[in-house]
Amino acid sequence: MTYRVGIVGTGPRRRTVERGGGFAIARVQADAWKTLKDVELAAACDIRPENLSAFTEDYGVAGYADYAHMLRDGQLDIVSVCTWPGLHSGMVIAAAEAGVRAIHCEKPMCLSLGEADRMIEACEANGVKLTVSHQRRFEPMYLRAKEWVSSGRIGRITDLRGRISGADADLLSWGTHWIDMFGFFLDDRPAKSVLAVTDTESAIIRYGHPVEDRAVVLVDYGDGVTATVEGGEDLPTPEFRIVGEAGVIRIGDVLTGWFMGEGPASIETHVRAEVDFGDSYAAAFRDLVSTIGTDQAPVLDARLARNATEIIMAAYASSNRTQRVVLPLDTDTFPLRERSEFKRK
Ligand SMILES: NC(=O)c1ccc[n+]([C@@H]2O[C@H](COP(=O)([O-])OP(=O)(O)OC[C@H]3O[C@@H](n4cnc5c(N)ncnc54)[C@H](O)[C@@H]3O)[C@@H](O)[C@H]2O)c1
C-alpha cells in the first residue's frame, strides 16, 4: 500500500535565518517523506500563493489554497501540519475528522492543554495516529546518551538541566524540545509540580503568539528528581545535562560523559557533526507509518507531547500566580494571554 501525504503550510522557498516564521520546516518534512518507499508526497496547501506555487513546482504535488479543500479532495492517508502553533489544533482536528489515518504535527503541539486534549480526543475517536515533532528522540546524540543512562553508567538520575538561547529561546518555540527530553530520559514518568518565573517585559509575539523574554523553570518529578530549564536570548550556547549519582552527561556541540571510576574509561567524549534534521524526521515518519492500523503507539506519540504542553502551561501559570503549580494542571487556557503586557497589544 502507498500512503498519500498532504502538507499544510509550505513555508517560503527561501528560509529565513532567524526563526519565528519563515523557517519552512515543511520542506525539511517533504524531503524526509520522500525518502519513504511506501509513501507518496501527493499534495500541499498554503494561503500564500507564492509559497504554494514554489512548493508545487519544486515537489511536483497538487496545490490547494485552502486546507479544507485539500482534505476533501486530496484522497490523503497522512497529513503533516507545518503551520504556526495557533493553527495546529484546528487543522489536526479537521484532518482527523476528514478520515486520514495518521497526522504529524509540528511542535509546539499547541497553545493550551485544552487544545492538546481536543486534538488527542479527535484522533482517538477517529482511529488516527498523531505524532508531534520532538525529533530529538531519533537523534543519535540523545540515543547514545540514553544508552549510557539505561546501562547504568551515571547511576540513578537526580537532576536534568536544559539551557536555551538565541533567536527563539522561549519555552514554546525551543523549550518544548528540552522538556520532551526530560520525559525521554525519565521514561516519561509524569511530573509532580512546576515552579517558574517567566519574564514578559518586552511583550514579544513570536510565531503569532505571546512568548517570554526569559524563563527559569523547575520541574519536580518526585523521588528526589528535579529538572530545570533556563531560557533567554542572550544566555550562553544551548546545552543539556543529565546528572546522575555516578556521573554526568553533557549534550552540547559534543556529547560528553563523565563517569565515576578509574582511568581513561571514566571520561568519554564523542564529537558529533551538525544535527541532520532530515534523518531524524525520516526515522520518525517511518516509525509513524509502521504503527498505522496497529495498536502500537508511535515514538513521538502526541500523548507525550501533551506532557510537555502541560509543563509549559504550568510554568506560565506558576509565574502568573507566583506559586508552585501541582499537576495535573487546573487550567486549559494559555496563561500568557492573561498578562497585562499582552492584553495591551
Ligand atoms: N521541529 C523543529 O525543530 C522545528 C524547527 C523550525 C520550526 N518548527 C515549527 O514549525 C512550525 C512552522 O514554522 P515555520 O517557521 O516553518 O513556518 P513558516 O512561516 O516558514 O511556514 C508556515 C506556512 O504556513 C502558511 N499558512 C498560514 N496560515 C495557513 C493556513 N490557514 N492554511 C495553510 N497554510 C497556512 C504560511 O503562509 C506559511 O507559508 C512552527 O510551529 C515552528 O515552531 C519546528
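Source: prediction; values computed, not measured.

(A) Structural context of the overall build of the chain. Check the secondary structure of the chain and you find 10 helices and 17 strands. A compact globule built from 345 residues should have a C-alpha radius of gyration of about 20 Å, and the chain, at 20 Å, falls within 12% of that. The dimensions of the chain, computed from C-alpha atoms along their principal axes, are 60 × 50 × 40 Å. The proportion of buried residues among the 345 residues of the chain is 57%. Accessible surface, the chain as shown: approximately 15000 Å² in total, 49% of it carbon and sulfur.

(B) Spatial organisation of the nonpolar core. Among the nonpolar cores identified, the biggest contains 51 residues, and Phe-185, Ile-242, Ile-249 and Ile-251 are the most heavily contacted of them. In terms of residue count, helix H7 (residues 171-185) provides more of this core than any other element does, 9 residues in total. If we ignore the near neighbours within four places in the chain, the residues touching Ile-242 are Ala-145, Val-149, Ile-154, Ile-157, Asp-159, Leu-160, Phe-185, Gly-247, Val-248, Ile-249 and Ile-251. Grouped together as the second largest cluster of nonpolar side chains are 30 residues, Val-8, Tyr-64, Ile-103 and Cys-110 included.

(C) Representation of the domain arrangement of the chain. Domain assignment breaks the chain into domain 1 (3-133 + 279-300) and domain 2 (137-273 + 306-343). Taking the mean C-alpha position of each, domain 1 and domain 2 sit 26 Å from one another. In this complex, domain 1 contributes 25 residues to the contact, which on the side of domain 2 involves 23 residues. Sorting the residues of domain 1 by area buried against domain 2 places Lys-107, Leu-111 and Leu-113 first, and these three jointly supply 32% of that buried surface. At the boundary of domain 1 and domain 2, one finds 1 salt bridge. When the shortest N-O distance is used, the salt bridge between Arg-306 and Asp-117 registers 2.6 Å.

(D) Representation of the site of the ligand within the structure. The local shell around the ligand holds 29 residues, among which Gly-22, Ile-25, Asp-46, Asn-51 and Tyr-281 are the closest. Residue Ile-25 places a main-chain N or O atom 2.8 Å away from an oxygen atom belonging to the ligand. Interatomic distance of 3.0 Å between a side-chain N/O atom of Gln-135 and an oxygen atom of the ligand. Contact with the protein chains removes 92% of the 860 Å² of surface that the ligand exposes when unbound. At the level of elements, helix H4 (85-97) and helix H8 (277-291) are the ones that each hand at least two residues to the shell around the ligand. Broken down by element, the residue count for the shell around the ligand peaks at 4 residues, all from H4. Taken together, the residues of the shell around the ligand break down into 14 nonpolar, 10 polar and 5 charged.

(E) Fine view of the sheet that holds strand S3 (residues 62-64). The 6 strands are arranged S3-S2-S1-S4-S5-S6 in an open sheet whose pairing can be described as parallel. Strands at the two margins of the open sheet, each flanked by one partner only, are S3 and strand S6 (129-132). Averaged over all pairs of adjacent strands, the angle between their axes in this sheet comes to 20°, without regard to strand direction. Across 6 bridges, strand S1 (residues 3-8) lies against strand S2 (residues 39-45) in parallel orientation. Each bridged residue has a counterpart across the sheet, and for Val-8 the counterpart in S2 is Cys-45. H8 contacts S1, S2, strand S4 (78-81), strand S5 (102-105) and S6 of the sheet and is inclined by roughly 155° relative to S5.

(F) Inspection of the packing of helix H5 (residues 113-125) against helix H9 (residues 302-321) at higher detail. Look at H5 against H9: their axes get within 9 Å of each other, and the N-to-C directions meet at 170°. If you check the angle between H5 and H9, you find them roughly antiparallel. In the crossing of H5 with H9, the sense of the turn from one axis to the other is left-handed. For the pair H5 and H9, contact is made by Leu-113, Ala-116, Asp-117, Ile-120 and Glu-124 and by Ala-302, Arg-303, Arg-306, Thr-309, Glu-310 and Met-313, respectively. For the contact of H5 with H9, the class distribution of residues is 5 nonpolar, 1 polar and 5 charged.

(G) Geometry of the pattern of salt bridges. Tallied over the full model, the rule gives 19 salt bridges. Where Arg-137 meets Asp-188, a salt bridge forms, and the shortest distance between an N and an O atom there is 2.9 Å. Of this pair, Arg-137 sits in the loop between S6 and helix H6 (140-150) while Asp-188 sits in the loop between H7 and strand S8 (193-199), and the two are 51 residues apart along the sequence. A residue is classified by how much of its surface remains accessible, and Arg-137, at 6% relative accessible area, is buried. Salt bridges sharing common partners tie together Arg-13, Arg-27, Glu-57 and Asp-58.

About the thresholds
Residues numbered from 1 in each chain as written. Predicted model: local features only at pLDDT ≥ 70, side-chain atom pairs only at ≥ 80, totals over all residues. Heavy atoms only, no water. Helix = DSSP H or I, 4+ residues; strand = E, 2+ residues; numbered from the N terminus. Rg over C-alpha atoms; globule rule 2.2 N^0.38 Å. Buried < 20%, exposed > 50% of the residue type's maximum accessible area, 1.4 Å probe, protein only. Areas by Shrake-Rupley, 256 points an atom, 1.4 Å probe, with all protein chains shown as cover. Core = buried A, V, L, I, M, F, W, Y, C linked by side-chain atoms within 4.5 Å. Contact = heavy atoms within 4.5 Å. Domains from an automatic or database assignment. Buried area = accessible area lost by both parts, 1.4 Å probe. Salt bridge = Lys/Arg side-chain N within 4 Å of Asp/Glu carboxyl O. Near = heavy atom within 4 Å. Polar contact = N/O pair within 3.5 Å; in protein donor to acceptor, adjacent residues only side chain to side chain. Nonpolar A, V, L, I, M, F, W, Y, C, P; charged D, E, K, R; others polar. Pairing = 2+ DSSP bridges. Axes fitted to C-alpha atoms, helices over the stretch in contact; angles between N-to-C directions. Parallel < 35°, antiparallel > 145°, perpendicular 65-115°, else oblique. Left-handed = near helix turned anticlockwise from the far one by under 90°.

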